[in-house]
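Here's the letter readout for the chains.
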Amino acid sequence: NAGVTQTPKFQVLKTGQSMTLQCAQDMNHNSMYWYRQDPGMGLRLIYYSASEGTTDKGEVPNGYNVSRLNKREFSLRLESAAPSQTSVYFCASTTGDNTEAFFGQGTRLTVV
Amino acid sequence: GQQVMQIPQYQHVQEGEDFTTYCNSSTTLSNIQWYKQRPGGHPVFLIQLVKSGEVKKQKRLTFQFGEAKKNSSLHITATQTTDVGTYFCRRSGGSNYKLTFGKGTLLTVNP
């Protein structure tokens, strides 16, 4: 049982390049989330998907897009990367609002 | 969105000292969860508190939920180097399913 799997684990992009961060969970969870983590800023919600077929903006959605491809997969896309998007990105999933959140291992992204 | 405030932001202790982090909300919480993130790792669930005044223990960790369900605390007795990491509280998001985390308390322990 892998839980939440994120790929890639590390990535370096040049300013203006695009990329997609992949996330998949095998726990049949309804809700999935993307966070970014910067020093001193905690976990800031980028986008979330309460259930398959729905996506909503979080606190810091600008510069990102998401796709809930199916119940298992929730991807995060950076269309034109900027140095301000250098961060650690975490995907998480839950069965519902009041249940334990499971996190992926994180993607460490550097934009130069 | 409705936030939870965590204090302190950083705490450095000598091994063997106690440690407490607090999570405060301006609104009543339906529940509160606590997570631990080791350096270089990802957040891992520790516990969930649901009832007013609830107290739960996990070995040297004691979790409390306030009577008014607006605050919570995590207390570690006699810290060890294995306790190093960032401790986050998380409130439920209500009907919109957002997961709202506090900014976390970074605990460092001097051996």
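Please read all numbers here as calculations on a predicted model, not as lab measurements.

Chemist: Tell me about the overall build of chain B, residues and numbers included.
Modeler: Of the regular secondary structure elements, chain B holds 0 helices and 11 strands. Start at the N end of chain B and walk to the C end: the helices and strands fall as β-β-β-β-β-β-β-β-β-β-β. Taking 111 residues into account, the globule formula puts the C-alpha radius of gyration at 13 Å, and chain B, at 13 Å, falls close to it. Taking the principal axes of its C-alpha atoms as reference, chain B extends roughly 45 × 30 × 20 Å.

Chemist: Tell me what's going on with the environment of V112 of chain A, and back it up with residues and numbers.
Modeler: Residues and elements named next belong to chain A. When you line up the elements, V112 lands in the segment after β11 (107-111). Overall, V112 belongs to the exposed group, its relative accessible area being 56%. Considering only alpha carbons, one finds V112 and A82, 30 residues apart in sequence, at a separation of 7.8 Å. If sequence neighbours within four positions are ignored, V112 has contacts with V12, L13, K14 and T15.

Chemist: Explain the pairing of strand β7 (residues 61-65) of chain B to me, and be specific about the residues and the numbers.
Modeler: Residue and element names in this part refer to chain B. Of all 5 residues in β7, 4 are buried; the element is thus mostly enclosed. Pairing analysis gives 4 bridges linking strand β6 (residues 55-58) to β7, with the strands arranged antiparallel. Counterpart to K57 in the pairing with β7 is T62. The turn joining β6 and β7, which pair antiparallel and follow one another in sequence, is formed by 2 residues; a positive phi near 55 degrees is taken by K59. Note: β7 against strand β8 (residues 71-76), 5 bridges, orientation antiparallel. Within β8, the residue paired with F63 across the bridge is L74.

Chemist: Give a detailed account of the pairing of β11 of chain A, specifying residues and quantitative values.
Modeler: Residues and elements named next belong to chain A. Taking every second residue as pointing to the same face, the buried face of β11 carries T107, L109 and V111, while none of R108 and T110 on the other face is buried. In this sheet, β11 lies alongside strand β2 (residues 10-13) in parallel orientation, the contact comprising 4 bridges. Considered in β11, the bridge of Q11 is made with L109. When strand β9 (residues 87-94) meets β11, the two strands line up antiparallel, connected through 3 bridges. Looking at the pairing, S87 lines up with L109 of β11.

Chemist: Which residues make up the layout of surface pockets, and what are the values?
Modeler: With a probe scaled to a water molecule rolled over the atoms, the places where space remains empty come into view. Approximately 410 Å³ is the volume found for the largest pocket. If you trace the largest pocket, you find 24 residues lining it, with Q37, P39 and G40 of chain A together with Q37 and T86 of chain B closest to the centre. Put simply, the parts of the chain that give the lining of the largest pocket at least two residues each are β4 (31-38) and β9 of chain A together with β9 (85-91) and β11 (105-110) of chain B. Of all the elements, β11 of chain B adds the most residues to the lining of the largest pocket, at 3 residues.

Chemist: Can you tell me about the sheet that holds strand β7 (residues 64-68) of chain A, naming the residues and giving the values?
Modeler: Residue and element names in this part refer to chain A. Taken together, 4 strands build an open sheet; the order of strands is β1-β3-β8-β7 and the sheet is antiparallel. The two strands at the open ends of the sheet, each matched to only one other strand, are β1 (4-7) and β7. Adjacent strand axes in the sheet meet at a mean angle of 15 degrees, parallel and antiparallel pairs treated alike. Relative to strand β8 (residues 74-78), strand β3 (residues 19-25) is paired through 3 bridges, and the arrangement is antiparallel. Considered in β8, the bridge of T20 is made with R77.

Criteria and thresholds
Residues numbered from 1 in each chain as written. Chains lettered and ligands numbered in written order. Predicted model: local features only at pLDDT ≥ 70, side-chain atom pairs only at ≥ 80, totals over all residues. Heavy atoms only, no water. Helix = DSSP H or I, 4+ residues; strand = E, 2+ residues; numbered from the N terminus. Rg over C-alpha atoms; globule rule 2.2 N^0.38 Å. Buried < 20%, exposed > 50% of the residue type's maximum accessible area, 1.4 Å probe, protein only. Contact = heavy atoms within 4.5 Å. Pairing = 2+ DSSP bridges. 1 Å grid on protein atoms, 1.4 Å probe; cavity = no way out; pocket = protein on both sides within 12 Å on 5 of 7 lines; lining within 4 Å. Points joined across faces, edges and corners; volume = space filled by probe spheres on them. Axes fitted to C-alpha atoms, helices over the stretch in contact; angles between N-to-C directions.

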